[in-house]
Amino acid sequence: IHISRPDWNREVNEASRSGTWVIVNLTRHTSSLSARHDEICDIVEETIRELAVKFEQVKFVFISSTSAIENWPAENLPTLFCYQYGKMQHQ
């Protein structure tokens with residue numbers, strides 16, 4: 001599921017409060033540093049989509065990195081945040 005910044009609290013924090021894992025994939029807003037970097041980001045995104053089908057009890061969301069965190073450096077992508085109990089548990 002693709003979300004926007006206003007959706008974050010409902011789709012991530014609130015959805016994870018009961019113990020459900022929510023995996024947030026920060027995505028590229030535009031092409032990034034290099035073709036290889038873009039390819040790696042694409043591979044991670046495709047893998048997340050495959051995991052979402054396999055693990056239906058886990059919620060997977062996608063959000064543009066710059067929408068989630070203003071000025072998030074493109075070199076930090078791909079980035080995954082793992083939420084449970086309303087808090088980030090892993091990055």
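Residues numbered from 1 in each chain as written. Predicted model: local features only at pLDDT ≥ 70, side-chain atom pairs only at ≥ 80, totals over all residues. Heavy atoms only, no water.

The subject of this paragraph is the pattern of salt bridges. Two side chains of opposite charge can pair, provided their charged atoms sit close to one another. Following the criterion strictly, the structure yields seven salt bridges and no others. A salt bridge links Glu 11 to Arg 10, with the nearest nitrogen and oxygen atoms 3.3 Å apart. Its relative accessible area of 13% is what places Glu 11 among the buried residues. Residue Arg 28 is joined to Asp 38 by a salt bridge in which the shortest nitrogen-to-oxygen separation is 3.6 Å. Highlighted residues: Arg 28 in the loop between strand S1 (22-27) and helix H2 (35-54) and Asp 38 in helix H2, separated in sequence by 10 residues. Under the relative-accessibility criterion, Asp 38 is labelled buried at 12%. (Salt bridge = Lys/Arg side-chain N within 4 Å of Asp/Glu carboxyl O. Buried < 20%, exposed > 50% of the residue type's maximum accessible area, 1.4 Å probe, protein only. Helix = DSSP H or I, 4+ residues; strand = E, 2+ residues; numbered from the N terminus.)

Another point: the sheet that holds strand S2 (residues 59-64). Reading across the sheet, the four strands line up as S2-S1-S3-S4 and stay open at both edges, with mixed pairing between neighbours. The open sheet has two edge strands, S2 and strand S4 (87-90), and neither has a second partner. The mean angle between the axes of side-by-side strands here comes to 35 degrees, regardless of whether they run parallel or antiparallel. In the sheet, S1 pairs with S2 via six bridges, with the strands oriented parallel. Along S2, the bridge assignment pairs Leu 26 with Ile 63. On the sheet, H2 packs against S1, S2 and strand S3 (79-84) and is oriented at approximately 155 degrees with respect to S2. (Pairing = 2+ DSSP bridges. Axes fitted to C-alpha atoms, helices over the stretch in contact; angles between N-to-C directions. Contact = heavy atoms within 4.5 Å.)

Next up on the list: the nonpolar core. Within the largest apolar cluster, 14 residues are counted, with the highest numbers of intra-cluster contacts made by Trp 8, Val 12, Val 24, Leu 26, Ile 63, Phe 81 and Tyr 83. The leading source of residues in this core is S1, at three residues. When near neighbours in sequence (up to four residues on either side) are disregarded, Leu 26 contacts Ile 63, Ser 65, Ala 68, Ile 69, Trp 72, Leu 77, Thr 79 and Phe 81. Listed in part, the six residues of the second largest apolar core include Ile 23, Ile 48, Phe 60 and Phe 62. (Core = buried A, V, L, I, M, F, W, Y, C linked by side-chain atoms within 4.5 Å.)

With that settled, consider the state of the cysteines. Using the criterion set out here, one finds zero disulfides in the structure. No disulfide involves Cys 41; its sulfur sits 16 Å from that of Cys 82, the nearest cysteine. (Disulfide = S-S within 2.5 Å.)

Further remarks concern helix H1 (residues 8-16). Inspection of H1 places Trp 8, Glu 11, Val 12, Asn 13 and Ser 16 among the buried residues, and these make up the whole buried set. All buried residues of H1 fall inside an arc of 155 degrees around its axis, so they share one side. Contacts from the buried residues of H1 go to S1, S2, helix H3 (65-68), S3 and S4. (Arc of directions from axis to C-beta.)

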